[in-house]
Amino acid sequence: MINLLISDLSTKHITFFGAMVAFLLTCILLAVAGKFLPRDQGREFAHDGAKSAGKPRGAGFIFVIAFIVSTVAFARLNNELIIYIILVAAAMMTGFLDDCAKTPWGEYKKAIFDLIIAIFVAITFLNYNSNEIVLSVTNQTVTVPTWLFAILTVILVFASINVTNCADGVDGLSGTLTIISLMTIFVINMVLKQSKDFNVITVIFVVCILGYLWFNATPSMLMMGDAGSRAMGLFIAIAVLKTGRPLLYIPVAIVLILDGGLGLVKVFLKRFLKISILKNTRTPLHDHVRKVKDWSNTQAVFRFAIIQIVVSAIAIYMVY
């Protein structure tokens with residue numbers, strides 16, 4: 001670890017150098033190795049899904065590897081953070097194996113892996129942190145029974161992985177929204193003067209996504225695939241847990257929740273309860289606004305991002 005070799009460097013300097021290395025490493029690896037990634041087959045039911053056919057997918061494998069290398073090199077790691085990094089790598093690998101598979105994995109198979117990862121996150125978090133949460137509106141601290149906290153953590157992580165995955169369907173959209181969500185959490189931690197070591201990791205992860213977006217801006221040259229979206233969803237969940245205010249997940253990721261989550265709710269109610277909702281609304285919502293509202297890809301990304309920025313600003317003010 002470079003920070004151990006150069007002990008006189010401050011956290012700010014370590015973060016700066018780590019971020020620069022992470023960005024350059026991501027860009028170089030994507031430029032060199034991106035052409036070896038599996039090719040997308042197009043999405044049959046997605047709006048303009050055929051346009052993605054033939055593009056390299058699974059770029060999440062590369063930017064997550066760049067994140068891990070940069071984090072190990074520059075961040076001050078403890079046992080808890082090491083476990084989280086391993087779990088992010090696990091989420092990436094389950095997605096990448098699906099990206100590489102000739103026959104896509106079934107929903108239930110992916111759900112089992114997501115559930116296992118979520119359980120490990122809950123166990124790890126409770127082993128190193130308390131089961132208290134802070135309500136940002138009232139600034140009141142509430143102690144949640146350990147068993148209930150564990151269940152809610154599993155639900156949070158599982159949901160975050162899947163809504164982020166479902167929101168990945170427009171060039172630059174899920175990556176941009178993830179960056180906004182993570183930087184909102186970063187600012188909140190700065191305001192609360194907490195989680196310094198995790199903030200370094202957050203900056204490195206964001207910069208790696210930025211390196212990916214260099215190649216994914218419309219018209220994209222490659223796509224992150226499940227390898228990237230699942231890792232991003234997991235990281236958001238862990239980051240919001242580390243604030244000590246897990247309910248902040250709702251405002252800091254509200255667009256991801258609505259864009260990717262409504263479709264999951266719609267399918268769940270239809271499949272298991274025979275209840276039909278949102279019959280005239282395409283899901284994910286990014287397909288609805290492009291198909292029904294005739295938004296361009298750029299308009300969808302910018303307008304969704306603007307909505308998230310406004311809500312995030314309110315969330316930061318609530319904490320402040």
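Before any of the text, the structure's been laid out above.
Note that this is a predicted model, so its numbers are computed, not measured.

Cut-offs used in this document
Residues numbered from 1 in each chain as written. Predicted model: local features only at pLDDT ≥ 70, side-chain atom pairs only at ≥ 80, totals over all residues. Heavy atoms only, no water. Axes fitted to C-alpha atoms, helices over the stretch in contact; angles between N-to-C directions. Helix = DSSP H or I, 4+ residues; strand = E, 2+ residues; numbered from the N terminus. Parallel < 35°, antiparallel > 145°, perpendicular 65-115°, else oblique. Contact = heavy atoms within 4.5 Å. Nonpolar A, V, L, I, M, F, W, Y, C, P; charged D, E, K, R; others polar. Phe/Tyr/Trp six-rings, centres within 6.5 Å; stacked < 30°, edge-to-face > 60°. Buried < 20%, exposed > 50% of the residue type's maximum accessible area, 1.4 Å probe, protein only. Lys NZ or Arg CZ within 6 Å of the ring centre and 35° of its normal. Pairing = 2+ DSSP bridges. Core = buried A, V, L, I, M, F, W, Y, C linked by side-chain atoms within 4.5 Å. Patch = residues over 30% accessible without salt bridge, like charges linked within 9 Å, V, L, I, M, F, W, Y side chains within 5 Å. Areas by Shrake-Rupley, 256 points an atom, 1.4 Å probe, with all protein chains shown as cover. Salt bridge = Lys/Arg side-chain N within 4 Å of Asp/Glu carboxyl O. 1 Å grid on protein atoms, 1.4 Å probe; cavity = no way out; pocket = protein on both sides within 12 Å on 5 of 7 lines; lining within 4 Å. Points joined across faces, edges and corners; volume = space filled by probe spheres on them.

**Student:** Describe the packing of helix α11 (residues 254-272) against helix α13 (residues 297-319), listing the residues and the values that go with them.
**Tutor:** Packing of α11 against α13 leaves a shortest axis separation of 8 Å and a crossing angle of 135 degrees. Taken together, the axis directions place α11 and α13 in an arrangement best described as oblique. Judged by residue contacts, Ile254, Val255 and Asp259 of α11 engage Phe304, Ile307, Gln308 and Val311 from α13. Looking at the contact of α11 with α13, its residues break down into 5 nonpolar, 1 polar and 1 charged.

**Student:** Help me get a handle on the packing of helix α3 (residues 60-74) against helix α9 (residues 225-242), residues and values and all.
**Tutor:** Two elements in contact, α3 and α9, have axes separated by 7 Å at closest approach and are oriented at 45 degrees. In terms of orientation, α3 lies oblique with respect to α9. Contact residues: α3 offers Gly60, Phe61, Phe63, Val64 and Phe67, while α9 offers Ala227, Gly228, Ala231, Met232 and Phe235. Tallied by class, residues from the contact of α3 with α9 come to 8 nonpolar, 2 polar and no charged.

**Student:** Give me the packing of aromatic side chains: which residues, what numbers.
**Tutor:** Counted by the stated rule, this structure contains 11 aromatic pairs. Arranged with centres 4.9 Å apart and planes meeting at 90 degrees, the rings of phenylalanine 67 and phenylalanine 205 form a pair that is edge-to-face. Here phenylalanine 67 is found in helix α3, whereas its partner phenylalanine 205 is found in helix α8 (residues 196-216), with 138 residues between them in sequence. Summarising the burial analysis for this pair, phenylalanine 67 and phenylalanine 205 share the class buried. When the ring of phenylalanine 268 is compared with that of phenylalanine 272, the centres are 5.2 Å apart and the planes differ by 45 degrees; the resulting orientation is tilted. In this pair, phenylalanine 268 and phenylalanine 272 are both assigned in helix α11, 4 residues apart and thus about one turn of the helix distant. The rings of Phe67, Phe198, Phe205 and Phe235 are connected pair by pair, giving a single aromatic cluster. The cationic tip of lysine 109 hangs over the ring face of tryptophan 105; the distance from NZ or CZ to the ring centre is 4.2 Å. For arginine 303, the ring lying beneath its charged end belongs to tryptophan 295, and the centroid distance is 4.7 Å.

**Student:** Got a sec to walk through the pairing of strand β2 (residues 140-143)? Specific residues and values, please.
**Tutor:** Regular strands have side chains that alternate between both faces of the sheet. Sheet topology note: the strand β1 (residues 132-135)/β2 ladder contains 4 bridges and is antiparallel. From the neighbouring strand, glutamate 132 faces β2, where its bridge partner is threonine 143. Hairpin remark: β1 followed by β2, antiparallel, with 4 residues in the connecting loop; positive phi at asparagine 139, about 60 degrees.

**Student:** Could you give an account of the environment of isoleucine 123, with specific residues and numbers?
**Tutor:** On the secondary structure map, isoleucine 123 appears in helix α5 (residues 107-128). Isoleucine 123 sits in the exposed class, given a relative accessible area of 54%. For the pair isoleucine 123 and alanine 101, spaced 22 residues apart in the sequence, the C-alpha separation amounts to 30 Å.

**Student:** Quick rundown of the nonpolar core? Include the residues and the values.
**Tutor:** The biggest cluster of nonpolar side chains holds 85 residues, and the ones touching the most others in it are Phe67, Val88, Tyr212 and Leu234. Per-element accounting of this core gives the leading share, 13 residues, to α8. For valine 88, the contacting residues outside a window of four places in its chain are Val64, Phe67, Phe205, Ala231, Leu234, Phe235 and Ile238.

**Student:** Kindly report on a nonpolar patch on the surface, identifying the contributing residues and their values.
**Tutor:** A surface patch of nonpolar side chains, amounting to about 600 Å² of accessible area, comprises Val137, Phe302, Ile306, Val310, Ile314 and Met318. Given a relative accessible area of 69%, valine 137 falls into the exposed group.

**Student:** Explain empty space enclosed by the protein residue by residue, including any values.
**Tutor:** Considering all chains together, one arrives at 1 cavity of 30 Å³ or more under this definition. The space that makes up the largest cavity amounts to roughly 40 Å³. Sorting the residues of the lining of the largest cavity by element identifies α4 (79-100), α8 and α9 as the ones contributing at least two each. Ranked by residue count, the leading element in the lining of the largest cavity is α4, at 4 residues. Its residues assigned to classes, the lining of the largest cavity comprises 9 nonpolar, no polar and no charged.

Read these as spatial facts, not as claims about activity.
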